[in-house]
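Coordinate inspection notes
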Amino acid sequence: MKKLIAAASFTAILLVSCTPKASTTSATAGTSTSTAEEIAQGKTIFENSCGKCHKLPDPTSHNPVQWVGIMNSMAPKAKLNDNQHKWVYDYIVSVKK
C-alpha cells in the first residue's frame with residue numbers, strides 16, 4: 001500500500017511540475033481567452049511554423065491537456081514567444097471534431 005501511495009504521489013508531483021506557466025495557456029485547459037483575431041493568428045502560426053518541420057497534426061487528435069505538453073515541448077523549437085504559444089494553443093483547442 002505504501003508503494004502505491006508513493007507511486008501516486010510521484011505521479012501527481014510529476015504532472016503538476018509539467019504544467020505550463022499561467023501566462024502561457026488558459027487557466028482551464030481547453031478554455032480560450034484569445035480573441036477571434038488572435039485565434040486566427042494562431043492558426044496561421046500553426047500552419048507556417050509547425051508545418052515547416054513536420055506534417056501538421058490533426059488538432060482533434062489530442063485533448064486540451066495533452067496539447068499542453070505537446071505545445072510546451074514544441075514551442076521553443078518553433079521559437080514561439082509566449083503570446084504566439086498561447087494563440088496556437090487556443091487555436092488548436094478551439095477546433096471541434
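Coordinates for the structure precede this section.
This write-up is about the structure you can find in this document. Here the structure is a predicted model, which means the values were calculated and not measured. (Residues numbered from 1 in each chain as written. Predicted model: local features only at pLDDT ≥ 70, side-chain atom pairs only at ≥ 80, totals over all residues. Heavy atoms only, no water.)

For the structure on display, the rule yields 2 salt bridges. Residue Glu47 pairs with Lys43 through a salt bridge whose shortest N-O separation is 3.2 Å. Of this pair, Glu47 and Lys43 both sit in helix 2 (residues 36-53), 4 residues apart, which is roughly one turn of that helix. Put simply, Asp90 and Lys86 hold a salt bridge, and the shortest N to O gap is 2.8 Å. Pair noted here: Asp90 and Lys86 are both in helix 4 (residues 82-94), with a separation of 4 residues, about one helical turn. Each of the two residues, Asp90 as well as Lys86, counts as buried. (Salt bridge = Lys/Arg side-chain N within 4 Å of Asp/Glu carboxyl O. Helix = DSSP H or I, 4+ residues; strand = E, 2+ residues; numbered from the N terminus. Buried < 20%, exposed > 50% of the residue type's maximum accessible area, 1.4 Å probe, protein only.)

What follows is about the side chain of Ser34. Here Ser34 shows up in the loop between helix 1 (2-17) and helix 2. Within polar-contact distance, the side chain of Ser34 engages the side chain of Lys86 at 3.0 Å. Within the structure, Ser34 has its side chain in polar contact with the side chain of Asp90 (distance 2.5 Å). With sequence-adjacent residues up to four places away left out, Ser34 is seen in contact with Ile39, Lys86, Trp87 and Asp90. (Polar contact = N/O pair within 3.5 Å; in protein donor to acceptor, adjacent residues only side chain to side chain. Contact = heavy atoms within 4.5 Å.)

Along the chain, Asn48 falls in helix 2. For the pair Asn48 and Ala78, spaced 30 residues apart in the sequence, the C-alpha separation amounts to 9.9 Å.

Two elements in contact, helix 2 and helix 4, have axes whose closest approach is 7 Å; the angle formed by their N-to-C orientations is 95 degrees. Relative to helix 4, the element helix 2 is oriented roughly perpendicular. Contact with helix 2, carried on its side by Glu38, Ile39, Gln41, Gly42, Lys43, Ile45 and Phe46, involves Gln84, Trp87, Val88, Asp90, Tyr91, Ile92 and Ser94 of helix 4 and no other residues of that element. Here the contact of helix 2 with helix 4 is composed, by residue class, of 7 nonpolar, 4 polar and 3 charged. (Axes fitted to C-alpha atoms, helices over the stretch in contact; angles between N-to-C directions. Parallel < 35°, antiparallel > 145°, perpendicular 65-115°, else oblique. Nonpolar A, V, L, I, M, F, W, Y, C, P; charged D, E, K, R; others polar.)

Moving on to the nonpolar core. Within the largest apolar cluster, 15 residues are counted, with the highest numbers of intra-cluster contacts made by Phe46, Met71, Leu80, Val88, Tyr89 and Ile92. Within the residue set of this core, elements represented by two or more residues are helix 2, helix 3 (64-74) and helix 4. The dominant element in this core, judged by the number of residues it contributes, is helix 4, at 6 residues. Dropping the residues within four chain positions of it, Val88 is found in contact with Gly42, Ile45, Phe46, Met71 and Leu80. (Core = buried A, V, L, I, M, F, W, Y, C linked by side-chain atoms within 4.5 Å.)

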